[in-house]
Amino acid sequence: MRCPGCGMPSWRVHGRYVRRLGDAPVAGSPVVIELTVRRFKCLSSRCPAVAFAEQIEGLTRPHARQTQVLRSMLASIALCLAGRPGARPAASLRIRITPG
């Protein structure tokens, strides 16, 4: 794994945790992906990122709670209907959203 702060390779696992990501619904049912993610410790003493979590390319981004596919679906609904009116079609697609 490479540190996102400095790019230095790190092999030192700092811990693990379960990460839950909302994904696009399948057959009308909401989907939640559960991943066990490793946290790494940066080996550079000059790096501002002391610890960082591994990311899965194309699926996860730092701090994201939804996959890119679900984010794209929600963005399309939001652009077409602007805000609260978009909550109804999202709910009919079985996409859970929270007020933000």
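Going by the structure above, here's the rest.
The model shown is predicted, which means the values in this text are computed figures rather than measured ones.

## A closer look at the overall build of the protein
Scanning the protein from terminus to terminus reveals 2 helices and 3 strands. Each helix and strand of the protein, ordered N terminal to C terminal, gives the series β-β-β-α-α. Considering only residue pairs separated by 6 or more positions, the protein has 51% of its internal contacts joining residues 24 or more positions apart.

## Quick word on the packing of aromatic side chains
All chains considered together, the criterion is met by 1 aromatic pair. Summarising the aromatic geometry, the rings of Phe 40 and Phe 52 are spaced 5.9 Å apart at their centres and angled 20° between planes, so their arrangement reads as stacked. In this pair, Phe 40 is assigned in strand 2 (residues 29–41) and Phe 52 in strand 3 (residues 51–53), connecting sequence segments 12 residues apart. Judged on exposure class, the residue Phe 40 and its partner Phe 52 are both buried.

## A word on the environment of Ile 33
Of note, Ile 33 is situated in strand 2. Separated by 33 residues in the primary sequence, Ile 33 and Gln 66 place their C-alpha atoms 9.2 Å from one another. Every residue in contact with Ile 33, bar those within four places of it in the chain, is listed here: Arg 19, Arg 20, Leu 21, Asp 23, Leu 59 and Thr 67.

## A closer look at a nonpolar patch on the surface
Together, Met 8, Trp 11 and Leu 43 line one region of the surface with nonpolar side chains, adding up to about 340 Å² of accessible area. By the element assignment, Met 8 lies in the segment before strand 1 (13–26). For Met 8, a relative accessible area of 34% corresponds to the partly exposed category.

## Notes on the environment of Tyr 17
Locating Tyr 17 in the fold gives a position in strand 1. With 19 residues separating them in the primary sequence, Tyr 17 and Thr 36 have C-alpha atoms 5.6 Å apart.

Analysis parameters
Residues numbered from 1 in each chain as written. Predicted model: local features only at pLDDT ≥ 70, side-chain atom pairs only at ≥ 80, totals over all residues. Heavy atoms only, no water. Helix = DSSP H or I, 4+ residues; strand = E, 2+ residues; numbered from the N terminus. Contact = heavy atoms within 4.5 Å. Phe/Tyr/Trp six-rings, centres within 6.5 Å; stacked < 30°, edge-to-face > 60°. Buried < 20%, exposed > 50% of the residue type's maximum accessible area, 1.4 Å probe, protein only. Patch = residues over 30% accessible without salt bridge, like charges linked within 9 Å, V, L, I, M, F, W, Y side chains within 5 Å. Areas by Shrake-Rupley, 256 points an atom, 1.4 Å probe, with all protein chains shown as cover. Salt bridge = Lys/Arg side-chain N within 4 Å of Asp/Glu carboxyl O.

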